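Structural overview
The residues making up each chain are set out below.
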Amino acid sequence: MAPSGSRSIKRGCQRVLYWIPVLFIALIVAWSYYAYVLQLCIESIEDTGEKVVYLLVYHVVFIMFVWAYWQTIFTKPMNPLKEFHLSHSDKELLEREDRGESQQEILRRIAKDLPIYTRTNSGAIRFCDRCQLLKPDRCHHCSVCDKCILKMDHHCPWVNNCVGFANYKFFMLFLLYSLLYCLFITATDLQYFIKFWTNGLPDTQAKFHILFLFFSASMFSVSLASLFIYHCWLVCKNRSTLEAVRSPVFRHGTDKNGFSLGFSKNFRQVFGDEVKYWPIPVFSSLGDGCSFPTCLVNLDPEQPSSPTGSNPKQSLHKGRQFPSKPLRESQSRLLTSTPSWSENETATDKDRKGKMMLLL
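Residues numbered from 1 in each chain as written. Predicted model: local features only at pLDDT ≥ 70, side-chain atom pairs only at ≥ 80, totals over all residues. Heavy atoms only, no water.

What follows concerns the overall build of the protein. Helix and strand counts for the protein come out as 11 helices and 11 strands. Partitioning the intrachain contacts of the protein with sequence separation of at least 6 by distance along the chain shows that 63% fall at a separation of at least 24. In the structure as shown, the protein presents an accessible area of about 19800 Å², 63% of it carried by carbon and sulfur atoms. (Helix = DSSP H or I, 4+ residues; strand = E, 2+ residues; numbered from the N terminus. Contact = heavy atoms within 4.5 Å. Areas by Shrake-Rupley, 256 points an atom, 1.4 Å probe, with all protein chains shown as cover.)

Okay, the confidence of the model for the protein next. Across the protein, pLDDT averages 84, with 80% of residues at or above 70. Confidence drops under pLDDT 50 across residues 337-350; counting only partners more than four residues distant or on other chains, this segment forms 5 contacts. (pLDDT = per-residue confidence, 0-100.)

Moving on: the UniProt feature "transmembrane region" (unreviewed entry) in the protein. UniProt's entry tags residues 16-36, 52-70, 170-188 and 208-230 with the feature "transmembrane region" (unreviewed entry), counted in the numbering of this structure. Strand forms 0% of residues 16-36 and helix 95%; the C-alpha atoms that close the span are 30 Å apart. (UniProt positions renumbered as here; feature names shortened; annotations may be inferred.)

Moving on: the environment of D273. Mapped onto the fold, D273 is located in the loop between α9 (263-271) and β10 (316-317). Along the backbone, D273 and S284 are 11 residues apart, and their C-alpha atoms lie at a distance of 7.9 Å. Here the side chain of D273 touches R268 through a polar contact of 2.5 Å, side chain to side chain. (Polar contact = N/O pair within 3.5 Å; in protein donor to acceptor, adjacent residues only side chain to side chain.)

One finds Y36, Y58, Y168 and F174 to be the most contacted residues of the largest nonpolar core, which totals 48 residues. At the level of secondary structure, the elements contributing two or more residues to this core comprise α2 (20-42), α3 (48-74), α6 (168-197), α7 (206-237) and α9. Examining the composition of this core, we find that 15 residues originate from one element, α6, more than from any other. If you look at the next biggest cluster of nonpolar residues, it comprises 23 residues, including F84, I106, F127 and F292. (Core = buried A, V, L, I, M, F, W, Y, C linked by side-chain atoms within 4.5 Å. Buried < 20%, exposed > 50% of the residue type's maximum accessible area, 1.4 Å probe, protein only.)

So, on to the sheet that holds strand β8 (residues 249-250). As summarised here, the arrangement of the 3 strands in space is β1-β8-β9, forming an open sheet in which the pairing is antiparallel. Where the open sheet ends on each side, the last strands, each with one partner, are β1 (118-119) and β9 (253-254). Inspection of the sheet shows β8 paired to β9 by 2 bridges, in the antiparallel sense. Note on β9: the bridge partner recorded for V249 is T254. (Pairing = 2+ DSSP bridges.)

As a further point, take α3. Compared with an ideal rise of 1.5 Å per residue, which puts 27 residues at 39 Å, α3 spans 38 Å between its outermost C-alpha atoms and is within 8% of the ideal. The secondary structure elements touched by the buried residues of α3 are α2, β7 (161-163) and α6. Where α3 begins, one side-chain oxygen reaches toward the backbone nitrogen of G49, 3.2 Å away; that side chain belongs to D47. (Expected span 1.5 Å × (residues − 1).)

This part takes up α6. For α6, built from 30 residues, the straight-helix expectation of 44 Å at 1.5 Å per residue is met to within 8% by its first-to-last C-alpha distance of 42 Å. Most of α6 sits out of view: 21 of its 30 residues are buried. Once α6 finishes, N199 follows within two positions and takes phi at roughly 60°, a positive value.

If you walk through the whole model with that rule in mind, you get 29 aromatic pairs. Ring plane angle 25° and centroid distance 6.0 Å describe the contact between W19 and F74, whose orientation is recorded as stacked. Taken together, the residues W19 in the loop between α1 (2-18) and α2 and F74 in helix α3 connect sequence positions 55 residues apart. With relative accessibility at 36%, the residue W19 sits in the partly exposed group. On the basis of relative accessible area, F74 is assigned to the partly exposed category, the value being 46%. (Phe/Tyr/Trp six-rings, centres within 6.5 Å; stacked < 30°, edge-to-face > 60°.)

Structure below.
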């Protein structure tokens, strides 16, 4: 009982400590609100029109920033579906076998009925001993959350949460709106920052808030800009942070662009098909996080369906559909195979050439 009790106390202390970075960000944001709204806009800006415009724009950006940050923190990461978990009989069978090729044979047999195309570096089935499941493509085990996270990007201490399939769009919007928040403060505070050094401000406590507000907003802008640009590049390439560090391995070998479908489809896979939802922190990503279309030419012959030629979520496995939840029409358009722009252009060119020949 004593070791169990000490472990629970340790886990409780860790959970409290994990919230310290989030509390730090919350305090910084609360102070910036006080410094900008009260000390700069209300106390220091004399022109009423300028004051109203600044306050209106500021609060729009502030609300979107806080909303995206809240969604990133409190959206629960998605875990693999029950189809990827080992059944009780499979667990017993796996435990009876010696670790090695015999266990891999069992895992390969189970994986045949699942849309799994990635492997370990040695070519083995990706299996999580901790969660007792076959890892879906792009899924990884988080040591902090102690769970397997679908399309895991990284565990972010600043949001005390895993960034993955469920909240990656929210994380991107959080970076965007926090960057806009800092840039707006820096741009509108600049003239009063200059007045501070030319003694153009009244000698009140507001001048020191204006000074530190400019320094903190400009410094955060630099770090946020670099992070946002990096994740924009990842979205364009359809990679996670983990995949950028270590490329996914397929049966034919390592392929860093294995999940890339082109810029348009890569972007829509994260933000969805409907443009009106792109800037809003509501879930609109396509797919279910357990399987992803690929651009592979050498397909896995052991798998029941092609990730490029058909929708792996809607293929039948032993008389049942995987998964049971049907896809929306917008998801099916992304995941099913459609002619590329080059193919469409080629067909159009052929039609034009045929008409020209008839006219001649």
